[in-house]
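Below are the chains, spelled out letter by letter.
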Amino acid sequence: MDPQSGKLALGSLRIPMPRSRIGRVIVGVVLIFGGTLGFLPILGFWMMPLGFLVLSHDLPLVRRQRRRIALWWARRRARKAEQN
């Protein structure tokens, strides 16, 4: 999340987020809840990782898990690059 613009950056996509912590937590929880209903037509399982990403900005426990996954992913990509 870019602290100056208040937008969540996913590659070249920029998603505006609420400036208040409570607003971001509510958005994150709603996205995760909507992701659990992913079998419905409009809602999808894609909402869960996005919800965790939003929550990781404000909640230390989620932030640590996101960082662990990011490190694991980087190591995995490095190993695959060495093999090729």
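The notes below deal with the structure included here.

Conventions used here
- Residues numbered from 1 in each chain as written.
- Predicted model: local features only at pLDDT ≥ 70, side-chain atom pairs only at ≥ 80, totals over all residues.
- Heavy atoms only, no water.
- Salt bridge = Lys/Arg side-chain N within 4 Å of Asp/Glu carboxyl O.
- Helix = DSSP H or I, 4+ residues; strand = E, 2+ residues; numbered from the N terminus.
- Buried < 20%, exposed > 50% of the residue type's maximum accessible area, 1.4 Å probe, protein only.
- Contact = heavy atoms within 4.5 Å.
- Patch = residues over 30% accessible without salt bridge, like charges linked within 9 Å, V, L, I, M, F, W, Y side chains within 5 Å.
- Areas by Shrake-Rupley, 256 points an atom, 1.4 Å probe, with all protein chains shown as cover.
- Lys, Arg positive; Asp, Glu negative; His and termini not counted.
- Charge placed at Lys NZ, Arg CZ, Asp CG, Glu CD.

1. Some words on the pattern of salt bridges
As a working rule, side chains carrying opposite charge can pair if their charged atoms are close by.
Piece 1. Tallied over the full model, the rule gives one salt bridge.
Piece 2. In this structure, the salt-bridge partner of D58 is R24, at a minimum N-O distance of 2.8 Å. Residue D58 is located in the loop between α2 (47–55) and α3 (60–83), and its partner R24 is located in helix α1 (residues 21–36); the two are separated by 34 residues in the primary sequence.
Piece 3. With a relative accessible area of 10%, D58 lands in the buried category.

2. Some words on the environment of L55
Piece 1. With respect to the secondary-structure elements, L55 resides in helix α2.
Piece 2. Residue L55 is classed as buried on the basis of its relative accessible area of 7%.
Piece 3. A sequence separation of 38 residues divides L55 from M17, and the C-alpha atoms of the two residues are 11 Å apart.
Piece 4. Those residues in contact with L55, other than ones at most four positions away along the chain, are V25, G28, V29, I32 and V62.

3. Structural notes on a positive patch on the surface
Piece 1. A surface patch of positive charge is lined by R21, R63, R64, R66, R67, R68, R75 and R79.
Piece 2. Broken down by element, the positive patch gets its largest block of residues, seven residues, from α3.
Piece 3. Along the chain, R75 turns up in helix α3.

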